[in-house]
Amino acid sequence: MTALFDQLRTAPRNVLSRIPLPGLTGDDDDVRRPLPVSGMLAAAWTLGVGLAVLTTLTLVGWIAAPRGALGAGLPAVFRTASQLWLAAHHAGFEIPGGSVGLLPLGLTVLPAFLLYRAGMWMARDADLRLRLPARLPKNTPKEVSNARRRAQLVLIAQAGISLAAPYALLAGLIALVTRNEITQPFLGDVLVSHLVLAFIAGSVAVARTIGPWRSMLRLLPERLRSVVVGTSAALAIMLVAGAVMVLGAVVVNFGQVQELSGILAPGFVGGLLLLLVQGLYLLNAVIWGLAYIAGPGFAVGTGTLVAPTGVQLGTVPSLPILGALPEAGPTPAWVMIVIAVPFVAGAVAGILVVRISPSSSYEGAPLWGFVCGLATGATAGLLAALSGGSLGGARLSALGPAGWEVMLSVTLEVGVAAGIAAGLANWWLIFRGHNTAVTKAAAKVGTATAPVRKAGVKIAKAAASAAGKVGFAESEELQKLPGYWLDATECDTQPIPVIRDDWEDEHASAAAENPQKARRPDPPRPPRRDIVDETDDKGGHVIYVDPYAWDRD
């Protein structure tokens with residue numbers, strides 16, 4: 001398909017280069033198409049290739065199926081393929097007696113891949129790589145980097161809309177053409193589903209032209225990037241756990257799955273198509289496993305429930321993969337262990353949130369961990385709502401998990417675990433000082449609170465001086481007493497000096513024998529303050545306590 005796009009891109013330019021037109025030099029870079037024109041061509045080619053693939057598969061089924069199963073003639077085959085293309089975008093249908101909303105999510109992979117490749121071609125055709133701002137050096141000011149990021153996001157959004165708008169309009173025309181008395185597509189679902197899927201796939205493809213996948217994440221702010229990575233990690237862990245549960249149930253109940261396949265007896269070609277249909281519904285089953293792990297479980301018809309707390313079943317559709325359902329009745333106690341998976345996923349998400357964007361305060365990290373839980377719960381609830389639906393009326397009007405129940409359970413389980421893990425991880429980074437960003441942020445917080453601390457010290461000094469003036473506190477000059485005062489411990493431990501009558505000054509005799517040269521007298525020293533002048537009573541009486549009085553008694 002990419003080669004066809006390249007031929008479509010270069011063919012008109014070769015013709016234009018041969019025709020002398022005013023304002024055109026014939027250079028390939030001077031005749032680039034506008035972005036909306038490239039988006040329209042990409043949307044048309046995506047619809048054409050997708051319908052061709054599904055028409056081929058439908059034609060094989062029409063040949064192998066009994067006569068009249070898909071209608072009479074090739075027009076019915078094309079109508080069925082077109083309706084399958086609409087169902088691949090999760091657009092529902094109205095049928096007599098009910099509606100069809102349980103659509104295979106695995107079929108969405110085909111249009112998503114085609115739209116992604118079309119977006120890559122659109123980016124090359126419109127030279128978006130040259131229009132995107134170039135990489136900036138490391139020491140670029142933050143304002144310039146933010147402006148560059150905003151320009152990139154605006155251009156990516158423009159490219160996504162250029163692909164999604166014509167794609168949704170063309171899908172609406174297909175929905176109007178393929179309506180009949182039995183199946184009538186919901187036009188609102190068709191427009192919204194095609195618009196959203198094309199915008200997401202086209203935006204991701206255009207962002208991919210900037211550089212590697214890591215460069216795409218750098219387009220987001222650091223805090224938002226941490227939440228996105230944490231949410232993706234938590235969802236990935238729970239989806240992997242759901243896939244393991246589904247595959248384990250199929251292996252354990254493989255005999256019952258084979259029995260249901262034998263009852264249908266589809267034949268060789270029909271068996272291959274039936275296997276393909278079950279493979280397309282495998283992603284729905286994985287999301288049902290996620291709902292089972294989260295706690296609410298899922299329904300297989302009205303009045304039924306499959307959850308860790310118990311299983312209640314009735315008449316189920318004859319699809320072989322549904323033979324992997326557990327038997328009705330209470331479940332073993334050890335099955336409740338699966339509820340620990342969302343808490344583990346939340347702990348991992350909280351650690352990732354802190355590792356990518358640590359917080360300078362102890363209170364901020366748990367809050368952002370719970371925000372990650374909110375995002376995970378909202379995404380899980382959306383997936384649960386998309387994976388379920390109805391297959392007609394009566395008992396088959398409710399199939400799959402309830403979106404709001406899954407959203408509430410996952411939000412609480414993942415949010416609480418992520419908040420606790422983020423708080424502990426952030427405390428560890430601050431305590432150990434392993435993260436320079438946290439250390440700098442904490443230093444900034446300390447610098448910001450320094451004026452408050454200084455003001456507190458000044459207020460305390462002012463209060464102390466005011467109390468001293470009033471008489472409630474003693475001044476510092478009165479508290480300091482001259483001399484050296486022995487306490488009770490020193491009185492008991494210090495030896496008592498004894499002065500003998502025959503004492504001689506050894507240093508004086510040595511100085512008499514070796515007289516020293518006359519030297520300059522030293523300047524007078526200032527008086528020592530620790531020596532008490534007994535002649536000065538400072539206008540009062542000085543009382544001295546003799547520490548050796550006890551020895552004289």
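A short tour of the structure in this document, coming up. (Residues numbered from 1 in each chain as written. Predicted model: local features only at pLDDT ≥ 70, side-chain atom pairs only at ≥ 80, totals over all residues. Heavy atoms only, no water.)

Regarding its fold elements, the chain presents 20 helices and eight strands. For the chain, the residues scored as buried account for 33% of the 553 residues in total. Within the chain, contacts between residues separated by at least 24 positions form 74% of all contacts whose residues are at least 6 apart in sequence. Counting every atom, the chain has about 33600 Å² of accessible surface; 66% of that belongs to carbon and sulfur. (Helix = DSSP H or I, 4+ residues; strand = E, 2+ residues; numbered from the N terminus. Buried < 20%, exposed > 50% of the residue type's maximum accessible area, 1.4 Å probe, protein only. Contact = heavy atoms within 4.5 Å. Areas by Shrake-Rupley, 256 points an atom, 1.4 Å probe, with all protein chains shown as cover.)

A few words on helix α12 (residues 282-294). Taking 1.5 Å per residue as the helical rise, α12 with its 13 residues ought to reach 18 Å, and the 19 Å between its terminal C-alpha atoms agrees with that figure. In terms of burial, α12 is a largely internal element, 11 of the 13 residues being buried. Every buried residue of α12 is listed here: Asn284, Ala285, Val286, Ile287, Trp288, Gly289, Leu290, Ala291, Tyr292, Ile293 and Ala294. In the segment just after α12, Gly295 is the residue with positive phi, at about 120°. (Expected span 1.5 Å × (residues − 1).)

Where nonpolar side chains cluster on the molecular surface, the patch consists of Ile161, Leu173, Leu176, Leu187, Leu191, Val192, Leu195, Val196, Phe199, Ile200 and Val204 and spans about 910 Å² of accessible area. The set of elements that each furnish at least two residues to the nonpolar patch consists of α6 (142-177) and α7 (187-208). In terms of residues, the nonpolar patch owes the most to one element, α7, which gives eight residues. By the element assignment, Leu195 lies in helix α7. (Patch = residues over 30% accessible without salt bridge, like charges linked within 9 Å, V, L, I, M, F, W, Y side chains within 5 Å. Salt bridge = Lys/Arg side-chain N within 4 Å of Asp/Glu carboxyl O.)

Turning next to the nonpolar core. Grouped burial of nonpolar side chains is what soluble globular proteins tend to show. If you look at the biggest cluster of nonpolar residues, it comprises 42 residues, and the most contacted ones within it are Trp85, Leu86, Leu115, Met122, Leu128, Tyr167 and Val206. Every element with two or more residues in this core is listed here: α2 (35-64), α3 (73-88), α4 (109-125), α6 and α7. Top element by residues in this core is α6. It accounts for nine residues. With residues up to four places along the chain from it excluded, the contact list for Tyr167 reads Ala43, Thr46, Leu47, Trp85, His89, Pro111, Leu115, His194 and Ala198. (Core = buried A, V, L, I, M, F, W, Y, C linked by side-chain atoms within 4.5 Å.)

Our next topic: the packing of α12 against helix α15 (residues 403-432). One can describe the packing of α12 onto α15 by two numbers: an axis separation of 9 Å at closest approach and a directional angle of 60°. Judged on the interaxial angle alone, α15 and α12 are oblique. As for how α12 packs across α15, the hand of that crossing is left-handed. Between α12 and α15, the residues in contact are Leu290, Ala291 and Ala294 and Val406, Ser409, Val410 and Glu413, respectively. Here the residues of the contact of α12 with α15 sort into five nonpolar, one polar and one charged. (Axes fitted to C-alpha atoms, helices over the stretch in contact; angles between N-to-C directions. Parallel < 35°, antiparallel > 145°, perpendicular 65-115°, else oblique. Left-handed = near helix turned anticlockwise from the far one by under 90°. Nonpolar A, V, L, I, M, F, W, Y, C, P; charged D, E, K, R; others polar.)

With that out of the way, let us pick up helix α14 (residues 364-387). Given a rise of 1.5 Å per residue, 24 residues ought to cover 34 Å, and the 35 Å separating the end C-alpha atoms of α14 matches this to within 8%. If you check which residues of α14 are buried, you get Gly364, Ala365, Gly369, Cys372, Gly373, Thr376, Gly377, Ala380, Gly381, Ala384 and Ser387. Its buried side turned inward, α14 meets α9 (222-252), α12, α13 (340-356) and α15. Of the residues one or two after α14, Gly389 is the one with positive phi, at around 155°.

This part takes up the packing of α9 against α14. Between two packed helices, the angle of one axis relative to the other and the distance separating the axes together describe the packing. Relative orientation of the contacting elements α9 and α14 amounts to 50°, with a least axis distance of 9 Å. The orientation of α9 relative to α14 falls into the category oblique. Considering how the two elements wind past one another, α9 and α14 form a crossing that is right-handed. In this structure, α9 contributes Arg223, Val227, Gly230, Thr231, Ala234, Leu235 and Met238 to the contact, and α14 contributes Trp368, Val371, Cys372, Ala375, Thr376, Thr379 and Ala380. Residues that form the contact of α9 with α14 fall into these classes: nine nonpolar, four polar and one charged.

Tallied over the full model, the rule gives two aromatic pairs. Note on Trp427 and Trp428: the rings are 6.2 Å apart at their centroids and 50° apart in plane angle, and the pair reads as tilted. (Phe/Tyr/Trp six-rings, centres within 6.5 Å; stacked < 30°, edge-to-face > 60°.)

Glancing now at the sheet that holds strand β2 (residues 98-100). Strand order in this open sheet of four strands is β3-β1-β2-β7, and the pairing throughout is antiparallel. If you trace the sheet from one side to the other, it starts and ends with β3 (184-185) and β7 (391-392), each paired once. Here two bridges tie β2 to β7, and the two strands are oriented antiparallel to one another. The residue bridging Val100 from the neighbouring strand is Leu391, located in β7. (Pairing = 2+ DSSP bridges.)

A few words now on the side chain of Ser226. Within the secondary structure, Ser226 sits in helix α9. Contact partners of Ser226, with chain neighbours within four places excluded, come to Val353, Ile356 and Ser357.

With that settled, the discussion passes to the side chain of His194. In this structure, His194 sits in helix α7. Those residues in contact with His194, other than ones at most four positions away along the chain, are Trp85, Leu86, His89, Tyr167, Ala168 and Ala171.

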